[in-house]
Amino acid sequence: MNWGVFEGLLSGVNKYSTAFGRIWLSLVFIFRLLVYVVAAERVWSDDHKDFDCNTRQPGCGNVCFDHFFPVSHIRLWALQLILVTCPSLLVIMHVAYREAKEQRHRAAGGDDCRRIYPNPGKKRGGLWWTYLLSLIFKAGVDVVFLYIFYHFYRNYTLPRVVKCELPPCPNVVDCFISRPTEKNIFTLFMVVTACVCVVLSLIEAAYLIGKRCRECLLASSGESHQHSPDCVLSRIEPVGTGGQVFHGADYKPSTASIPPTASSPGTLSEEEALP
């Protein structure tokens, strides 16, 4: 394994993840990948070799082992880890695509042109959907593999002795599994870590959806506040300024005339005003 390339991938995933995503990544890397590489693979290295049956019948042990262990734990875990980590790499590829598109745009329009993506790693638009779908896919993969393990191995445990009567076994034979207690401990450990990863993925998905809904509500409330002053000003009464009164465009002056008084002489008519 090239640890330099692997470290680069981990740093990229960690850079574009939320806080919950970083916890998920640490959990997968430390408690699942390292445990798988360092310990679990060695525990299951002798599962077929040390599967002993109390018979000398040729082929009986192989048939019984294939019946009780249709898929090895190690191979299932390897496939599970590959499928779980692939969506995170898809997010990195989406960000790389955005950065390449931004570079091509700036090369064509110059440095003064308007940027397509001010921040290519910000989860907006298609990248937000890619990240959300990756979380759902990761949680779905873990749930499916938990069901597969439960279907093959009830209660995620291995018995000490299994009874087999499949041909070519001459009769019911007892077969003994190598190190069942140690294998049960590692199996339960991997199951618990997978459940925790499912919970973290669902929490992160709910966090992203809630954050987006909150931003939409704030944006809609901001737009309503921008329109509200116009509504308020339309209801304000005409205000006099410097002896003048300003009215709206639809204002119609009153046609009622005020009779002149001695203290307040009336205005002259057009005939009286003419010289």
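Refer to the structure presented above.
Residues numbered from 1 in each chain as written. Predicted model: local features only at pLDDT ≥ 70, side-chain atom pairs only at ≥ 80, totals over all residues. Heavy atoms only, no water.

Some remarks on the overall build of the protein
Phase 1: The helix and strand inventory of the protein stands at seven helices and five strands.
Phase 2: The linear arrangement of helices and strands in the protein, starting from the amino end, is α-α-β-α-α-α-β-β-α-β-β-α.
Phase 3: Going through the 275 residues of the protein one by one, you find that 31% of them count as buried.
Phase 4: A total accessible area of about 18200 Å² is found for the protein, and carbon and sulfur atoms account for 62% of it. (Helix = DSSP H or I, 4+ residues; strand = E, 2+ residues; numbered from the N terminus. Buried < 20%, exposed > 50% of the residue type's maximum accessible area, 1.4 Å probe, protein only. Areas by Shrake-Rupley, 256 points an atom, 1.4 Å probe, with all protein chains shown as cover.)

Remarks on the state of the cysteines
Phase 1: Inspection of the entire model under this criterion finds three disulfides.
Phase 2: Each sulfur in the disulfide pair Cys60 and Cys169 lies 1.8 Å from the other. Between Cys60 and Cys169 the sulfur-sulfur dihedral comes to about 95 degrees; the bridge is accordingly right-handed. A residue pair is termed long-range when its members are at least 10 positions apart, and Cys60 in helix 3 (residues 60-68) and Cys169 in the loop between strand 2 (161-164) and strand 3 (173-176) qualify at 109 residues.
Phase 3: Residue Cys60 is classed as buried on the basis of its relative accessible area, which comes to 0%.
Phase 4: Take the cysteines of the protein that form disulfides and number them in order along the sequence; they join up as 1-6, 2-5, 3-4.
Phase 5: In this structure Cys195 is not part of a disulfide, and its nearest cysteine sulfur, from Cys197, lies 9.3 Å away.
Phase 6: Residue classification places Cys195 among the partly exposed positions, given a relative accessible area of 34%.
Phase 7: Free cysteine: Cys213, not disulfide-bonded; nearest cysteine sulfur from Cys216 at 6.4 Å.
Phase 8: Residue classification places Cys213 among the partly exposed positions, given a relative accessible area of 45%. (Disulfide = S-S within 2.5 Å.)

What to know about a nonpolar patch on the surface
Phase 1: On the surface, Ile30, Phe31, Leu34, Val37, Val38 and Phe189 cluster together into a nonpolar patch covering about 460 Å² of accessible area.
Phase 2: If one sorts the elements of the nonpolar patch by residue count, helix 2 (residues 19-43) sits on top with five residues.
Phase 3: Here Phe31 is to be found in helix 2. (Patch = residues over 30% accessible without salt bridge, like charges linked within 9 Å, V, L, I, M, F, W, Y side chains within 5 Å. Salt bridge = Lys/Arg side-chain N within 4 Å of Asp/Glu carboxyl O.)

Some points on the sheet that holds strand 3
Phase 1: On the basis of which strands lie adjacent, the open sheet formed by three strands has the order 1-3-2 and antiparallel pairing. For this open sheet the edge positions go to strand 1 (52-53) and strand 2, each flanked by a neighbour on one side alone.
Phase 2: Taken together, the four bridges between strand 2 and strand 3 define a ladder with antiparallel strand orientation. In the sheet register, Val162 faces strand 3, and the bridge partner there is Cys175. (Pairing = 2+ DSSP bridges.)

Concerning the pairing of strand 3
Phase 1: Because side chains alternate across strand 3, one face comprises the buried residues Val173 and Cys175, and the other comprises Asp174 and Phe176, none of which is buried.
Phase 2: Inspection of the sheet shows strand 1 paired to strand 3 by two bridges, in the antiparallel sense. Looking across to strand 3, one finds that Cys53 is bridged to Cys175.

Topic: the packing of helix 4 (residues 73-109) against helix 5 (residues 126-152)
Phase 1: Here helix 4 crosses helix 5 at 175 degrees, and the two axes come no closer than 10 Å. Between helix 4 and helix 5, the angle falls in the class roughly antiparallel.
Phase 2: When the residues that make up the contact of helix 4 with helix 5 are grouped by side-chain class, the tally is 17 nonpolar, seven polar and three charged. (Axes fitted to C-alpha atoms, helices over the stretch in contact; angles between N-to-C directions. Parallel < 35°, antiparallel > 145°, perpendicular 65-115°, else oblique. Nonpolar A, V, L, I, M, F, W, Y, C, P; charged D, E, K, R; others polar.)

Focus: the environment of Phe152
Phase 1: Along the chain, Phe152 falls in helix 5.
Phase 2: A residue is classified by how much of its surface remains accessible, and Phe152, at 32% relative accessible area, is partly exposed.
Phase 3: With 83 residues separating them in the primary sequence, Phe152 and Phe69 have C-alpha atoms 7.7 Å apart.
Phase 4: In this view, Phe152 contacts Pro70, Val71 and Leu76; residues no more than four positions away in its chain are not counted. (Contact = heavy atoms within 4.5 Å.)

Concerning the side chain of Thr193
Phase 1: Tracing the backbone through its elements, the reader meets Thr193 in helix 6 (residues 180-234).
Phase 2: Note on Thr193: relative accessible area 6%, which makes it buried.
Phase 3: Setting aside chain neighbours within four positions, we find Thr193 in contact with Leu27, Phe31 and Arg32.

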